[in-house]
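Listed below, chain by chain, are the residues.
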Amino acid sequence: MRILTRYILRELLSHALLGGALFTFVLFMRDLGKILELVVRGSAPLTDVFRIFLYTVPNTLTLTLPMSVLVGVLLGLSRLAADSEVTAMRASGMGVLSFTRIVSIIAVGAFLLGLGNSLYLAPKAATALIQLENQLKQSQVSFEVQPRVFYEDFKDYVLYVQDVVPGVGAAQWKHVFLADLAHPASPLITTANEAIVVNGGNQTLRMSLHDGGQHQIAANDPNQYNISTFSETDLPISAGGPDDTHITRRNTPLLAMGIPELMRKDAPDITLRRIELQKRFSYPFACFVLVLVGVPLGLSSRRGGKSTGFVLTILLVFIYYLFSSIGESVARQGKLPVVVGVWAANVIFALAGITLLWRLSVETISLGKLATVGHWISSRLKRGKTGCAQPEDSSATRINDRVSRKTLWGFPLLLDDYVMRQFVASFAMVLASFISLSLIFSFFELIGDIIRNRTPLVTVGDYLINLIPYMLYNLAPLCALIAVLVTFGALNRTSEITAMKATGISLYRIAAPVIALAGVLAVSLFAFDEFYLPAANKRQEALRSVIKGRPAQTFLRPDRKWISGQASKAGEPTRIFYYQFFNPDQNAFANLTVFEFQPGSFTLQRRVFATSAHWDQSARQWILENGWQRTFDKEAVATYQPFTVSLFPEIHEQPGYFKKEVVAAQEMSFGDLASYINDLKQSGFDTMRLRVQLNHKLAYPLVTLVMAVLAIPFALSMGRKGSLTGIAAAIGLAIAYWVIAGLFEAMGNVNTLPPMLAAWSPDILFAFAGAYLLLRTPT
């Protein structure tokens, strides 16, 4: 009995650990980019990088531990049942309760681990993560200012610099324009020929300005205009706005509270605290109730094997967290007691599990269509693996027969077709599983908004359908990696690689069809992103706004307050426009100010103000009303001319120039994004993130090809360790790639790396690693 117990536990633990790593990876990757960007902006040492990841894991484990237990039970028992080992064990006298007692060992261990994590480790980690974020923000203000970009990250200031010279410990800015917006109607304007900028500590920058001046209009008397000049002055500015927030939902104070704080009865948010307190006990306890359901279903999965286990896992995870989310949302609204709402899912699954155990002890449970689905998937995989029925002969004879029979065009050979069918079948199954899991997690995130806003299920379904293309695009490289590892791992485990080599076929020729398919997939992903994905992303973002109860987005933002003029010809002044409102439908401004600077020196030479301005289509110029213009000569106002109506033909920017459409990079094709960047760049907007995303549109599809090359030597080096080892290796490689890719992207976003290098470096590094390992593999 002890031998069987150890055997079953080893089988279940291997699947549980793999499932836990997979679920944790999927949940963790959503916040990886933000964490890495915080690290890059804060110039954190490697120890802080490790601490951020370490502090993030406990709150993720709260959700993934029960899932891991369910995966281990379903996949492990399904495998034993498919190989008739469960039948043999039951024939030797093991009953359903014996299996339940053995599996309960894992459930007890997961429960104790989850309870300690949710009650002690996760709150401490959330608190430490908040403190670490604050330290990173306060230790060094590392705003990488780009030339000809307006920055509004400074409290009450807007900054514009025409040229930036980076330096060690300090930066040199050329031609500086700084607007103090403490009084938006009459901003204090500071200009300087150059500035030396150093970190002032406590989230401040200290600027040493040279050869500049200050211009201000008296708030109570627009006719009073004050000018002062300076040869050198110091000016500190705060680098943090008043509405700074933490990077993720994990950092909310509720998750960082200890048990005594959650039990306070005088707290204003007592309902939310009670819900959080009950969740810290209910999620660990879910390990037991999921075992009660998983054991009878796993023992009954005789036909589909692991495929049925995959289907059951996805279905049960969806149902459990659906009930849990609905119960929590209803409890938040006060329609159910907190205990009932939070524990409802556990109670329902416990009753269902007890019923299934009783049924299985009396008779066999028929899984119906689920078993049929699992059997169909298993049969398709088996057909892809074994091909058509053939008389038994040696592997080498079968391979020679497949090689000798060619298609009309000579490619692919039957051998290529055999390898490609295995790869495509594995890729399709893994992709379908990952998309299903991602849809479940997305649905859980929105269930509260769906109930609160009474969103029709048709809208929710439409949103999830339009979300599938985005998930397909993002998950395809990871699925290709797993499919290659599983395919070549299976060929190596069954000695088919050896048989192929015995016929004189090299490893490179064996891998050629898979690499070709990976290349086709890369091209397909780029075409998919170019022609279909942007429209689908726009649609799903609009539906998400409906689900969240947000007003429909117009995409045309009338609140752009600062914009630089079009690149002027040699000798023409540089212009900066400031306005408090712009109506894009009527092409009209309210409270428009135009600043004109001398070419070369960046000295303010003219300032024009109008309470209103509109575009005259017939005259094709702007008509300014009820305003004034001032010209300057060093410290004095040279001329002052008020006007009721005036024309300024030298202002040649047309209305379309001020209509800057705010569109996410994933909602544009490559050509659209390139044009969008060029338009925003000359207008003085920050385009660094968009330039990184532009290069990313080319680099990301090629990840599938890179992963295929990298996976082949890994698969062959695993020997006969099985598909689980292949999936585990795939997860490790994927984590390494996405961490490195996220780090490079974050460095590109803050201008630490050029956009092209930020987007292409991960592909280049992993391609070199894959090529090196493949060349060292015996062919």
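Residues numbered from 1 in each chain as written. Predicted model: local features only at pLDDT ≥ 70, side-chain atom pairs only at ≥ 80, totals over all residues. Heavy atoms only, no water.

K.L.:
With reference to specific residues and values, describe the overall build of the chain.
P.N.:
Helix and strand content of the chain: 21 helices and 12 strands. With 779 residues in all, the chain has 51% of them scored as buried. Restricting the contact set of the chain to residue pairs at least 6 apart, pairs at least 24 apart contribute 70%. As displayed, the chain has an accessible area near 35500 Å², and 61% of this comes from carbon and sulfur atoms. (Helix = DSSP H or I, 4+ residues; strand = E, 2+ residues; numbered from the N terminus. Buried < 20%, exposed > 50% of the residue type's maximum accessible area, 1.4 Å probe, protein only. Contact = heavy atoms within 4.5 Å. Areas by Shrake-Rupley, 256 points an atom, 1.4 Å probe, with all protein chains shown as cover.)

K.L.:
Tell me what's going on with the nonpolar core, and back it up with residues and numbers.
P.N.:
Counting residues in each nonpolar core, the largest one holds 92 residues, and the members touching the most others are Tyr 320 and Phe 488. Of the residues forming this core, the biggest block, 19 residues, is contributed by helix α13 (residues 457-493). Other than its neighbours up to four places away in sequence, Phe 488 contacts Ile 497, Ile 510, Ala 511, Val 514, Ile 712, Ala 715 and Leu 716. Judged by nonpolar contacts, the second largest core, of 24 residues, contains Leu 80, Val 86, Phe 99 and Val 291. (Core = buried A, V, L, I, M, F, W, Y, C linked by side-chain atoms within 4.5 Å.)

K.L.:
If you had to explain the side chain of Glu 496 to someone new, which residues and values would you point to?
P.N.:
Within the secondary structure, Glu 496 sits in helix α14 (residues 496-502). Owing to a relative accessible area of 9%, Glu 496 belongs among the buried residues under this scheme.

K.L.:
Any details on the pairing of strand β12 (residues 636-647)? Residues and values, ideally.
P.N.:
Where strand β11 (residues 621-633) meets β12, 10 bridges bridge the pair, whose relative direction is antiparallel. Paired with Leu 624 across the two strands is Ser 646, which belongs to β12. In this antiparallel pair of consecutive strands, β11 and β12, the connection spans two residues, and Lys 634 shows a positive phi of 55 degrees. (Pairing = 2+ DSSP bridges.)

K.L.:
Summarise the packing of aromatic side chains; cite the residues concerned and give the values.
P.N.:
Scanning the model with the defined rule gives 24 aromatic pairs in all. The aromatic ring of Trp 628 is capped on one face by Arg 630, whose charged end is 4.3 Å from the ring centroid. (Phe/Tyr/Trp six-rings, centres within 6.5 Å; stacked < 30°, edge-to-face > 60°. Lys NZ or Arg CZ within 6 Å of the ring centre and 35° of its normal.)

K.L.:
Tell me about the sheet that holds β12, and please be specific about residues and values.
P.N.:
Strand order in the open sheet made by the six strands is β7-β8-β9-β10-β11-β12, with antiparallel pairing throughout. Strands with a single pairing partner mark the edges of an open sheet, and in this sheet they are β7 (562-564) and β12. In this sheet, neighbouring strand axes are inclined to one another by 15 degrees on average, regardless of whether the strands run parallel or antiparallel. Pairing of strand β10 (residues 604-616) with β11, which is carried by 10 bridges, proceeds in the antiparallel orientation. Note that in β11 the partner of Arg 606 across the bridge is Thr 631. (Axes fitted to C-alpha atoms, helices over the stretch in contact; angles between N-to-C directions.)

K.L.:
Pulling in residues and values, what's your account of the pairing of strand β8 (residues 574-583)?
P.N.:
Counting buried positions over the 10 residues of β8 gives seven, a clear majority of the element. Bridge analysis of β7 against β8 gives three bridges, and the strand direction is antiparallel. Paired with Trp 562 across the strands is Tyr 578, a residue of β8. In textbook terms, the turn of a hairpin is the stretch between consecutive antiparallel strands, and for β8 and strand β9 (residues 588-597) this stretch comprises four residues, one of which, Asn 587, has a positive phi near 55 degrees.

K.L.:
Can you explain the pattern of salt bridges? Please cite residues and give values.
P.N.:
Within the structure shown, the criterion is met by 10 salt bridges. Measuring nitrogen to oxygen at the nearest pair gives 2.7 Å for the salt bridge that ties Asp 462 to Arg 539. Residue Asp 462 is found in helix α13, and its partner Arg 539 is found in helix α16 (residues 533-548); the two are separated by 77 residues along the sequence. Judged by its relative accessible area of 23%, Asp 462 falls in the partly exposed class. The class for Arg 539 is partly exposed, based on a relative accessible area of 40%. With its nearest N and O atoms 3.2 Å apart, the salt bridge here joins Asp 529 to Lys 697. Residue Asp 529 is found in helix α15 (residues 507-531), and its partner Lys 697 is found in helix α18 (residues 688-699); the two are separated by 168 residues along the sequence. (Salt bridge = Lys/Arg side-chain N within 4 Å of Asp/Glu carboxyl O.)

K.L.:
For the packing of α13 against α16, give the residues involved together with the corresponding values.
P.N.:
It is at 8 Å that the axes of α13 and α16 come closest, and there the two elements cross at 140 degrees. Taken as axis vectors, α13 and α16 run oblique relative to one another. Crossing geometry of α13 relative to α16 is assigned as left-handed. From α13, Thr 459, Val 460, Asp 462, Tyr 463, Asn 466, Leu 467, Pro 469, Tyr 470 and Tyr 473 reach across to α16, where they touch Leu 533, Ala 536, Asn 537, Arg 539, Gln 540, Leu 543, Arg 544, Val 546 and Ile 547. Residue classes in the contact of α13 with α16 are distributed as 11 nonpolar, four polar and three charged. (Parallel < 35°, antiparallel > 145°, perpendicular 65-115°, else oblique. Left-handed = near helix turned anticlockwise from the far one by under 90°. Nonpolar A, V, L, I, M, F, W, Y, C, P; charged D, E, K, R; others polar.)

K.L.:
Which residues make up the side chain of Gln 621, and what values do they have?
P.N.:
Relative to the helices and strands, Gln 621 resides in strand β11. Residues contacting Gln 621, with those up to four places away along its chain left out, are His 614, Trp 615, Asp 616, Leu 647, Phe 648 and Pro 649.

K.L.:
Would you mind going over the confidence of the model for the chain in detail, with residue names and values included?
P.N.:
Here the chain averages 77 in pLDDT, and 78% of its residues register 70 or above. For residues 384-410, every residue scores under 50 in pLDDT, and the model assigns this stretch 32 contacts once sequence neighbours within four places are set aside. Scored below 50 in pLDDT, residues 552-558 makes 12 contacts in the model with residues more than four places away or belonging to other chains. (pLDDT = per-residue confidence, 0-100.)

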